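Below are the chains, spelled out letter by letter.
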Amino acid sequence: MNNDLDAATANRRRFLKLTGSAVATAGVVGLTGQAAWAQGAAPSPGMAATPARELPAAVKLPPMQEDKSEKAQMPVQLGKDGRLGLAIVGLGRLSLEEIMPALATSKRCRVTALVSGDPAKARQVAAMYDVPESHLYNYETFDQLRDNPDVHAVYIVLPNALHKEFTVRAAHAGKHVLCEKPMATSVADCQAMIAACKAADRRLMIAYRIQYEPLDRQVKDWVRNRAALGQIKLITMSNCQNQSKQNTRQWRHIKALAGGGALPDIGLYCLNTSRFLLGEEPVEVQASLYSTPGDPRFTEVEEAILWQMRFPGGTRVQCNASYGTFTSKHYRVVGDSGWANMDPAFAYRGLQLKRSRIASDTSEFIAPGIEQISPPEKNQFALEMDHFADCVANGKQPWTPGEEGLQDQRIMEAIYQSAHSGKPVELPTVNGLDAFRGTPPSPS
Ligand code: NAD
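## Quick look at the overall build of the protein chain
So, step 1. Regarding its fold elements, the protein chain presents eleven helices and 15 strands.
So, step 2. Residues counted as buried form 52% of the 444 residues belonging to the protein chain.
So, step 3. A separation threshold of at least 6 residues defines the contact pool for the protein chain, and within that pool the share at least 24 residues apart is 72%.

Put into structure tokens, the structure is as follows:
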């Protein structure tokens, strides 16, 4: 826990560096000062401050159809600063090291409440992020969020098996839900989450940050536009890291909490990103898995998984993920007239994209050059949260809704089935592109 808070303090320093004088004028008194800064009070770098204004009451319209899923979702009235108020649920590594610092660059979100099982940690984080003590909750008092008008939505950052319970409780409390990946640990849980949010007319988005990240979106555009790389024949993806040997009983190694090992945690990036790039859904998977005998980290969950997917347009995708190797994260998309290479891929920052292709339509061989594509880096969590806020505020289905997480869960179950049977597993054909996705994010 101390490590988490040290990391959070370091991130806060990074935040102060980022926002610099704007925060200084907002009255920072020091890193450990109580309520040191008002998030949202200082505009994000490059943004003009917008004066607070009263928002008109939301218009209520009579339902046009009985079926709730068919009716347009109502927009939501946000706070006076126009920002979505988020309750962060779970103050672990991802919340403290990435999500909360990312709020410094978010244009549309702020943290207004915290949910944690550790009251001392919650108070300390609240002081750092200017969250009032009255807005601190634990897992038992979570449902009282219903009575907090400063909280429009929850961001669930808990172990995978708890995502369903807290999504359903949030929907019952009338809150919209942004949920970390993997969405849950079973198809049934994913379906229950979607049903609860639909019944409560709340938005549900899965936090697939890669689908909001500009370089990955660039590759998606190349893949979908035949002129860029030609017909895509092959994609290879790998996401590997070495899990700490110090705590072999951490939740990621316990099947009941994680749902599986390398596949749902890091392999999911390969699965979700390849589906995103192509827009199609795989029609067949074939897999094998492996765990080093006697390694106490992998008595319940797999160490490594390797699988292939066949997509209906003819692309073959080959993926692997391991919890037992040195960090190695990359992918390569190969078409018949070019390739794109992301290495490192899937990381929070420092992504590197290169491309090579035939310059013109010629039968002569011209040795192609390699381009490095380097737009200014954007914070992936801020982009993802801002898209969610836009969808909540304007009643739009998010680009990565619950249905997107459910489809990944279905495919992961097929991958495990293939690994255990040693045989390929067929998946139902899904017609059209981006069949499970909602409104595309606006250009960042
Ligand atoms: P973590 O272990 O650092 O934090 C989990 C938090 O949940 C802790 O604060 C812990 O106290 C709390 N918790 C509540 N009930 C618990 C229980 N029964 N057992 C264990 N912990 C419990 O984990 P994390 O790395 O922050 O991951 C949280 C979620 O975020 C996971 O779903 C993970 O897959 C996801 N994640 C996503 C990304 C991404 O890039 N999008 C990166 C890392 C993690």
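There's plenty left to go through after this.
## Here's the deal with the site of the ligand
So, step 1. Contacts to the ligand come from 22 residues, most closely from Arg-93, Asn-160, Arg-209, Trp-251 and Tyr-269.
So, step 2. Contact distances for the ligand include 3.0 Å between an oxygen atom and a backbone N or O atom of Leu-94.
So, step 3. Lys-181 is positioned with one of its backbone polar atoms (N or O) 2.8 Å from an oxygen atom of the ligand.
So, step 4. With the chains in place, 77% of the 840 Å² that the ligand exposes on its own is no longer accessible.
So, step 5. Here the shell around the ligand gathers at least three residues from each of two domains, domain 1 (3-210) and domain 2 (213-375 + 402-426).

## As for the sheet that holds strand β11 (residues 324-335)
Paired through their backbone hydrogen bonds, the strands of a sheet run either parallel or antiparallel.
So, step 1. If you trace the nine strands from one edge of the open sheet to the other, you get β14-β13-β12-β11-β7-β10-β9-β8-β15, paired in mixed fashion. Two strands close off the open sheet at either side, each with one partner strand: β14 (371-373) and β15 (425-426).
So, step 2. Summarising the sheet, strand β13 (residues 353-357) and β14 pair through three bridges and their orientation is antiparallel. Across the sheet, the residue bridging to Arg-355 is Glu-371, located in β14.
So, step 3. In the packing of helix α9 (residues 262-278) onto the sheet, the strands contacted are β7 (232-242), β9 (304-310), β10 (316-322) and β11, and the crossing angle to β7 comes to about 155°.

## Re the pattern of salt bridges
So, step 1. For the coordinates displayed, the defined rule picks out 22 salt bridges.
So, step 2. Among the salt bridges present, the one from Asp-390 reaches Arg-108, with a minimum N-O distance of 3.5 Å. Taken together, the residues span a long stretch of sequence, with Asp-390 in helix α10 (residues 380-394) and Arg-108 in the loop between α2 (93-102) and β2 (109-115) at a distance of 282 residues.
So, step 3. Given the relative accessible area of 9%, Asp-390 is considered buried.
So, step 4. The exposure class of Arg-108 is partly exposed, given its relative accessible area of 26%.
So, step 5. Between Asp-221 and Lys-220 there is a salt bridge, and its shortest N-O distance comes to 3.4 Å.
So, step 6. The class of Asp-221 is partly exposed, set by a relative accessible area of 41%.
So, step 7. Taken together, the salt bridges that share partners define one network made up of Arg-224, Arg-275, Glu-281, Glu-404, Asp-408, Asp-434 and Arg-437.

## Overview of the environment of Pro-375
So, step 1. With respect to the helices, strands and loops of the structure, Pro-375 is situated in the loop between β14 and α10.
So, step 2. In the structure, Pro-375 is positioned 160 residues away from Leu-215 in sequence and 7.9 Å away in space, judged by C-alpha atoms.

## Quick look at the pairing of β9
Successive side chains on a regular strand alternate, one facing one side of the sheet and the next facing the other.
So, step 1. Taken together, the seven bridges between strand β8 (residues 284-290) and β9 define a ladder with antiparallel strand orientation. From the neighbouring strand, Gln-286 faces β9, where its bridge partner is Gln-308.
So, step 2. Where β9 and β10 come together, seven bridges link them in antiparallel fashion. Directly across from Ile-305, in β10, lies its bridge partner Ala-321.
So, step 3. Connecting β9 to the next strand, β10, in antiparallel fashion are five residues, including Gly-314 with a positive phi near 105°.

## Comments concerning helix α3 (residues 119-129)
So, step 1. Listed in full, the buried residues belonging to α3 are Lys-121, Ala-122, Val-125, Ala-126, Ala-127, Met-128 and Tyr-129.
So, step 2. Downstream of α3 by a residue or two, Asp-130 has a phi angle that is positive, lying close to 60°.

## So, the packing of helix α5 (residues 187-199) against helix α11 (residues 402-421)
So, step 1. Packing of α5 against α11 brings their axes to within 9 Å, and their N-to-C directions diverge by 170°. Looking at the two axes, α5 sits roughly antiparallel to α11. Residue-level contacts link Val-187, Cys-190, Gln-191, Ile-194 and Lys-198 of α5 to Gly-402, Glu-403, Gly-405, Leu-406, Gln-409, Arg-410 and Glu-413 of α11.

## Here's the deal with α5
So, step 1. Taking 1.5 Å of rise per residue, the 13 residues of α5 would be expected to cover 18 Å, and the 18 Å separating its terminal C-alpha atoms lies within 8% of that figure.
So, step 2. For α5, the complete set of buried residues consists of Val-187, Asp-189, Cys-190, Met-193, Ile-194, Ala-196 and Cys-197.
So, step 3. In the core, the buried residues of α5 are packed alongside α4 (163-172), β5 (176-179), β6 (204-206) and α11.
So, step 4. Looking one or two residues past α5, Asp-201 carries a phi angle of roughly 55°, positive in sign.

## A word on the pairing of strand β1 (residues 84-89)
So, step 1. The buried fraction of β1 amounts to six of the six residues, a majority that puts the element mostly inside the structure.
So, step 2. Side chains Leu-84, Leu-86 and Ile-88 of β1 all project onto a buried face; the interleaved residues Gly-85, Ala-87 and Val-89 project onto the opposite face, where all are buried too.
So, step 3. The pairing of β1 with β2 spans six bridges and is classified as parallel. Paired with Ala-87 across the strands is Ala-113, a residue of β2.
So, step 4. For the crossover that starts at β1, traverses α2 and ends in the parallel β2, the hand is right-handed.
So, step 5. Pairing of β1 with strand β4 (residues 153-156), which is carried by four bridges, proceeds in the parallel orientation. For Ala-87, the partnering residue across the bridge sits in β4 and is Val-154.

What counts, and where the lines are drawn
- Residues numbered from 1 in each chain as written.
- Predicted model: local features only at pLDDT ≥ 70, side-chain atom pairs only at ≥ 80, totals over all residues.
- Heavy atoms only, no water.
- Helix = DSSP H or I, 4+ residues; strand = E, 2+ residues; numbered from the N terminus.
- Buried < 20%, exposed > 50% of the residue type's maximum accessible area, 1.4 Å probe, protein only.
- Contact = heavy atoms within 4.5 Å.
- Near = heavy atom within 4 Å.
- Polar contact = N/O pair within 3.5 Å; in protein donor to acceptor, adjacent residues only side chain to side chain.
- Areas by Shrake-Rupley, 256 points an atom, 1.4 Å probe, with all protein chains shown as cover.
- Domains from an automatic or database assignment.
- Pairing = 2+ DSSP bridges.
- Axes fitted to C-alpha atoms, helices over the stretch in contact; angles between N-to-C directions.
- Salt bridge = Lys/Arg side-chain N within 4 Å of Asp/Glu carboxyl O.
- Parallel < 35°, antiparallel > 145°, perpendicular 65-115°, else oblique.
- Expected span 1.5 Å × (residues − 1).
- Right-handed = clockwise from strand over helix to strand, strands pointing away.

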